[in-house]
Amino acid sequence: LPLPLFKVQGTHPDCSVILYFQKREVECLEMIRSESQAPAPAGTSRQEGCRTEWDGVSCWSAVPTGQSRAIACPDILHVFKKSKVLIQRNCTESGWSLPSPPYHSACELEALGSNNDTEAKASYFVTMKVLYTCGYSTSLAALFLAIGIFSCFRKLHCTRNSIHIHFFTSFILRGTAVFVKDTVLFSDDSVDHCTMSTVNCKAAIAFFQYSVLANFYWLLVEGLYLQTLLLLTFTSDRRYIWWYILIGWGVPMVTVAVWVVTRLQYDNHGCWDDYTSLYWWVIKAPILLAIFVNFLIFLNVTRMLAQKIRSPDISKNYKQQYMRLTKSTLLLIPLFGVHYVVFALFPEHVGVDARLYFELVLGSYQGFLVALLYCFLNGEVQAEVRRNWGKWQSSMESNVFNLATQDFTA
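Just so it is clear, the model here is predicted, and its values are computed rather than measured.

### Regarding the overall build of the protein chain
- Counting secondary structure elements, the protein chain contains eleven helices and five strands.
- Every one of the 410 residues in the protein chain was classed for burial, and the buried ones make up 37%.
- For the protein chain, long-range pairs separated by at least 24 residues make up 72% of all intrachain contacts whose partners lie at least 6 apart in sequence.
- Accessible surface for the protein chain amounts to roughly 23900 Å². Of this, 63% is attributable to carbon and sulfur atoms.

### Observations regarding the state of the cysteines
- A full pass over the atoms with the stated rule returns four disulfides.
- With its sulfur 2.1 Å from that of its partner, Cys28 forms a disulfide with Cys59. In this structure the cystine formed by Cys28 and Cys59 twists about its S-S bond by roughly 75°; its chirality is therefore right-handed. Here Cys59 lies in strand β2 (residues 59-60) and Cys28 lies in helix α1 (residues 16-37), a separation of 31 residues in the sequence.
- Covalently, Cys201 is tied to Cys271 through a disulfide, its sulfur atoms 2.0 Å apart. With Cys201 in helix α5 (residues 199-232) and Cys271 in the loop between α6 (241-266) and α7 (281-310), this residue pair connects regions lying 70 residues apart in the sequence. No difference in accessibility class separates Cys201 from Cys271, as the two residues are buried.

### Some remarks on the sheet that holds strand β4 (residues 87-92)
- If you trace the three strands from one edge of the open sheet to the other, you get β3-β4-β5, paired in antiparallel fashion. The open sheet is flanked by β3 (68-71) and β5 (95-96), the only strands paired with a single partner.

### A look at empty space enclosed by the protein
- A full pass over the atoms with the stated rule returns two cavities of 30 Å³ or more.
- Size it by volume and the largest cavity reaches roughly 40 Å³.
- The wall of the largest cavity is formed by Tyr136, Ser139, Leu140, Leu143, Phe171, Arg174, Gly175, Gly363, Ser364 and Gly367.
- The set of elements that each furnish at least two residues to the lining of the largest cavity consists of α3 (115-152), α4 (159-186) and α9 (352-364).
- At four residues, the largest contribution of residues to the lining of the largest cavity is made by α3.
- Residue composition of the lining of the largest cavity, by class: four nonpolar, five polar and one charged.

### Description of α6
- Between the first and last C-alpha of α6 there are 37 Å, a value that for 26 residues agrees with the 38 Å anticipated at 1.5 Å per step.
- At Gly250, α6 shows its largest kink, close to 35°, and the proline Pro252 lies no more than four residues downstream.
- Residues Ile241, Tyr244, Ile245, Gly248, Trp249, Pro252, Thr255, Val256, Trp259, Thr262, Arg263 and Tyr266 constitute the buried set of α6.

### A short note on the nonpolar core
- Ile163, Phe167, Phe168, Trp218, Tyr244, Ile283 and Ile287 are the most contacted members of the largest nonpolar core, which has 59 residues in total.
- Elements supplying a minimum of two residues to this core: α3, α4, α5, α6, α7 and α10 (366-376).
- Here this core gets 18 residues from one element, more than from any other, and that element is α5.
- Apart from the residues lying within four places of it in its own chain, the contact partners of Ile283 are Gln209, Leu213, Thr255, Val256 and Trp259.

### Notes on the environment of Ser94
- Among the secondary structure elements, Ser94 is positioned in the loop between β4 and β5.
- On the accessibility criterion, Ser94 (74% relative accessible area) is exposed.
- Distance in space between the C-alpha atoms of Ser94 and Thr65 is 9.3 Å, their sequence separation being 29 residues.
- Here the side chain of Ser94 touches Thr92 through a polar contact of 3.2 Å, side chain to side chain.

### Points about the UniProt feature "transmembrane region" (unreviewed entry) in the protein chain
- Residues given the UniProt feature "transmembrane region" (unreviewed entry) here are residues 130-151, 163-180, 216-234, 241-261, 281-301, 322-345 and 357-377.
- Secondary structure across residues 163-180 comprises 100% helix and 0% strand; the distance between its end C-alpha atoms is 26 Å.

### Some words on the pattern of salt bridges
- Taken as a whole and judged by the stated rule, the model has seven salt bridges.
- Glu384 is the salt-bridge partner of Arg387, the closest N and O atoms lying 2.8 Å from each other. One end of the pair, Arg387, and the other, Glu384, are both in helix α11 (residues 379-409), three residues apart, so they sit about a helical turn from each other.
- Judged by its relative accessible area of 8%, Glu384 falls in the buried class.
- Overlapping salt bridges, with partners in common, bring together Glu53, Asp55 and Arg89 in one network.

### What to know about the environment of Tyr240
- Counting through the fold element by element, Tyr240 comes out in the loop between α5 and α6.
- For Tyr240 and Thr159, which are 81 residues apart along the polypeptide, the C-alpha to C-alpha distance reads 9.0 Å.
- Tyr240 has contacts with Thr228 and Leu232, leaving out every residue within four places of it along the chain.

### Re the packing of aromatic side chains
- Evaluated as defined, the whole model comprises twelve aromatic pairs.
- For the pair Tyr132 and Tyr136, a centre-to-centre distance of 6.3 Å together with 80° between the ring planes defines the contact as edge-to-face. Pair noted here: Tyr132 and Tyr136 are both in helix α3, with a separation of four residues, about one helical turn. The burial state of Tyr132 is the same as that of Tyr136; both residues are buried.
- Ring geometry for Tyr225 versus Tyr244: centroids 6.0 Å apart, planes at 85°, classification edge-to-face. Residue Tyr225 is found in helix α5, and its partner Tyr244 is found in helix α6; the two are separated by 19 residues along the sequence.
- By the ring-pair criterion, three or more aromatic residues cluster together here, those being Tyr132, Tyr136 and Phe179.

### Focus: the packing of α5 against α6
- Between α5 and α6, the shortest axis-to-axis distance is 8 Å and the interhelical angle comes to 150°. Viewed along their axes, α5 and α6 adopt a mutual orientation that is roughly antiparallel. The hand of the α5/α6 crossing is right-handed.
- Here the residues of the contact of α5 with α6 are counted per class, giving 21 nonpolar, four polar and no charged.

Cut-off values and rules
- Residues numbered from 1 in each chain as written.
- Predicted model: local features only at pLDDT ≥ 70, side-chain atom pairs only at ≥ 80, totals over all residues.
- Heavy atoms only, no water.
- Helix = DSSP H or I, 4+ residues; strand = E, 2+ residues; numbered from the N terminus.
- Buried < 20%, exposed > 50% of the residue type's maximum accessible area, 1.4 Å probe, protein only.
- Contact = heavy atoms within 4.5 Å.
- Areas by Shrake-Rupley, 256 points an atom, 1.4 Å probe, with all protein chains shown as cover.
- Disulfide = S-S within 2.5 Å.
- Pairing = 2+ DSSP bridges.
- 1 Å grid on protein atoms, 1.4 Å probe; cavity = no way out; pocket = protein on both sides within 12 Å on 5 of 7 lines; lining within 4 Å.
- Points joined across faces, edges and corners; volume = space filled by probe spheres on them.
- Nonpolar A, V, L, I, M, F, W, Y, C, P; charged D, E, K, R; others polar.
- Expected span 1.5 Å × (residues − 1).
- Bend = angle between axes of the 7 residues up to and from the residue.
- Core = buried A, V, L, I, M, F, W, Y, C linked by side-chain atoms within 4.5 Å.
- Polar contact = N/O pair within 3.5 Å; in protein donor to acceptor, adjacent residues only side chain to side chain.
- UniProt positions renumbered as here; feature names shortened; annotations may be inferred.
- Salt bridge = Lys/Arg side-chain N within 4 Å of Asp/Glu carboxyl O.
- Phe/Tyr/Trp six-rings, centres within 6.5 Å; stacked < 30°, edge-to-face > 60°.
- Axes fitted to C-alpha atoms, helices over the stretch in contact; angles between N-to-C directions.
- Parallel < 35°, antiparallel > 145°, perpendicular 65-115°, else oblique.
- Left-handed = near helix turned anticlockwise from the far one by under 90°.

What follows is the structure in structure tokens.
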């Protein structure tokens, strides 16, 4: 579909007040600039009357001397209460009069939370950050160890474990991207995050979106590979590895590139960390597509697995092999996608606390869970580690015996 030729302004809810006044100020200054460039009407002087003025809250358009202008309170949801009181200013020979009634009298603020509520909220977010920092740190350590195990033991080198390594890498990128984003966006409390629009912060957000997309698409690859195994009955599958790599890394790269170009062209606003923008769907739609396809794979694999297990032609050994190959992926597919689908059906401001808990706290431990299922609890990996550990112990004992023999003969 062709992109609409207009800009949309997606803003974080906490920044809506600041950005509202900034937008109104820009519009007012543009009006003032246009008036200053327009020729004065014949027989009049620009000095007659009061010119358009921005007073920090509202824009007062020009009126002749002796007339007045009345405006309503700023219309900002959840900030000012609805009020029918109009604020008036008169144009006198000495210029604009003061607003009457004053803003603080005419525009009543919505009830704000107490200091205790603010402190509790701050404490809540600090606790959340500690929890997901511990979660991602644990996951990164487990994932690096799992990649090391798969890489060190030659007997574990196969297409299946190669795909697992790519899947682990996507989790490592995701954890790293979270830490990078926190460092770039929130390391300096003096920075105004509502107006920050630097190359560094946009690059950090783009890297984060790429890692999230890669994470979901490598989960999709795990599902596709499992289905391929069942369809091909364990025949050679190395020829498919480049297609898997193209899906897992290539599709997210193209998607993020389109998203970056779209934001630069139509919505180059802020730090791109808002989720109310129309163009957020450039990222969201491919993720939902991957989850939907994975769900179909989940159903199809479950059906094929049930048929193969009931088949009298399949030996008990093969049945155990089918179960071992499928249990991890069948567990991960619904675990990773269900909460994302549920939240995708609601606006971004609905269920923020639950969304944060699932995506940050529980999501931070997903890498550890993946390493546990695909590596540490994998019987093949355990057997290989035990075999090499036994060989190493035998080698050490042999070396010690040789040294002791040498000392005795000497």
